[in-house]
Amino acid sequence: MKKTLTSIIVSMAVLGLTGCGEKEDEVKVMKVGIGVPESHFEFKAMKSFEAFVEEQTQGKLDVQIYASNQLGNDQEVLESIKLNTVQMNLPAPAVMGNIVKEFNILELPFIFPTEEVANQVVDGEWGKDLLGKLENAGYVGLGYGNFGFRHVTNSIKPITQLSDFEGMKLRTMQNRSHLDAFRALGSNPTPMPFSELFSSLQLGTVDGQENPFTNIYSQRLFEVQPYASDTGHVYSWVVFVVGKKFYDGLTPEYQQILQQGADLAKEEMRAAVRIQDEESLQKMIEAGVKFHQLTDAAKQEIREAVAPVVKQHGDEIDPVFFAELQQQVNKLS
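As recorded in an unreviewed UniProt entry, the chain goes by C4-dicarboxylate ABC transporter substrate-binding protein and comes from Vibrio ponticus. Recorded in UniProt for the chain, the comment headed Sequence similarities (unreviewed entry) runs: "Belongs to the bacterial solute-binding protein 7 family."

(A) Main features of the pattern of salt bridges. Going through the model one piece at a time under the given rule, you end up with 13 salt bridges. The partner of lysine 47 in a salt bridge is glutamate 50, and the shortest N-O contact between them spans 3.1 Å. Residue lysine 47 and its partner glutamate 50 are located together in helix 2 (residues 41-56), separated by three residues, close to a single helical turn. The residue arginine 150 makes a salt bridge to glutamate 210 at a minimum N-O spacing of 2.7 Å. Here glutamate 210 lies in strand 7 (residues 208-211) and arginine 150 lies in strand 4 (residues 139-154), a separation of 60 residues in the sequence. Neither residue differs from the other here; arginine 150 and glutamate 210 are each classed as buried. A single network of salt bridges, built from pairs that share partners, joins Asp123, Lys266, Glu267 and Arg270.

(B) Structural context of the pairing of strand 4. With respect to burial, strand 4 is a largely interior element, 16 of its 16 residues being buried. In this sheet, strand 8 (residues 227-243) lies alongside strand 4 in antiparallel orientation, the contact comprising 13 bridges. Following the sheet pairing, valine 140 is matched in strand 8 by valine 242. Note: strand 4 against strand 7, four bridges, orientation antiparallel. From the neighbouring strand, asparagine 154 faces strand 7, where its bridge partner is glycine 208.

Rules of the game
- Within any chain, residue numbers begin from 1 and follow the written order of that chain's sequence.
- Totals for whole chains, interfaces and linings use all residues, but because this is a predicted model, local features are given only for residues with pLDDT of at least 70 and pairs of side-chain atoms are given and counted only at 80 or more.
- No hydrogens and no water enter the side-chain calculation; it runs on all heavy atoms of the structure.
- UniProt positions are given in the numbering used here, feature names are shortened, and annotations may be inferred rather than shown by experiment.
- In the sections that follow, a salt bridge refers to a side-chain nitrogen of Lys or Arg positioned within 4 Å of a carboxyl oxygen of Asp or Glu.
- Elements are defined by DSSP. Helices are runs of H or I of four residues or more, strands are runs of E of two residues or more, and each kind is numbered from the N terminus.
- A simple rule labels every residue: compare its accessible area, found with a 1.4 Å probe on the protein chains alone, to the largest value its type can have, and call it buried under 20%, exposed over 50%, or partly exposed in between.
- Two strands pair if DSSP finds at least two bridges between them.

Structure (structure tokens):
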């Protein structure tokens, strides 16, 4: 009886260990939905993320990247992430602001004087605190991907000073702080879908628009926009967002691999956006666009005109958190 009982216990232990081994060998699919096409530097950076994660987990995490909103727009993908039918997304801060209001601070004009300061702030405690606010909403933030400064182009005249904005009809995103900022500059901001922008510029429905140079060149907006200025009014980002349910189901080792993969993709995006912005601007100049570099005095005048709007919106979002951002920027500038 004792021998039989011992044999049964040993057999059960072996079966239990085998079961655990099978569970550890299980491949987990990680679907990533992004809005950009496969030609975009964000997609290429995420392919590096995919290669890194799959290599480090020996294929136990099967990363599948879906470009061009194949899984839906960012808002739809974020809903799918809550259900764990999709596991990752790279939305803009404006989209995340619908979930955690403090992300809207990153959409405010003229909060970062340079890209270097912007990177230091989001990589530091302030940026980490902002990502930490996602957890109560069912998400985990792994970092920020760079899209670069937004600049104004138009078909009317060079923008070299504040007064040049007066009466100019500019297409903007549907963002309240952006609309208020451009009104403060004296222009007439007109929100419209990006898909309608080229034809609206061509027909003269709007005089100008604002985007990073890479977007302006890749979408051929420069063909109907002879004037460009380095206004650098808003710095654009995407946020690396993973579902908390999916993340919590991973081992600490795999969680660390995801973070390392996101850091790798982030650095690749930072290098790419610098290079592509410079190349895009140069190609536009070669195509005949008249580029005007604003003087420090002109930029200061524009910033001062917008400052009350920035403060108003920052205080409405979260006065303490906004003040902490400003303190960090001042310390680093």
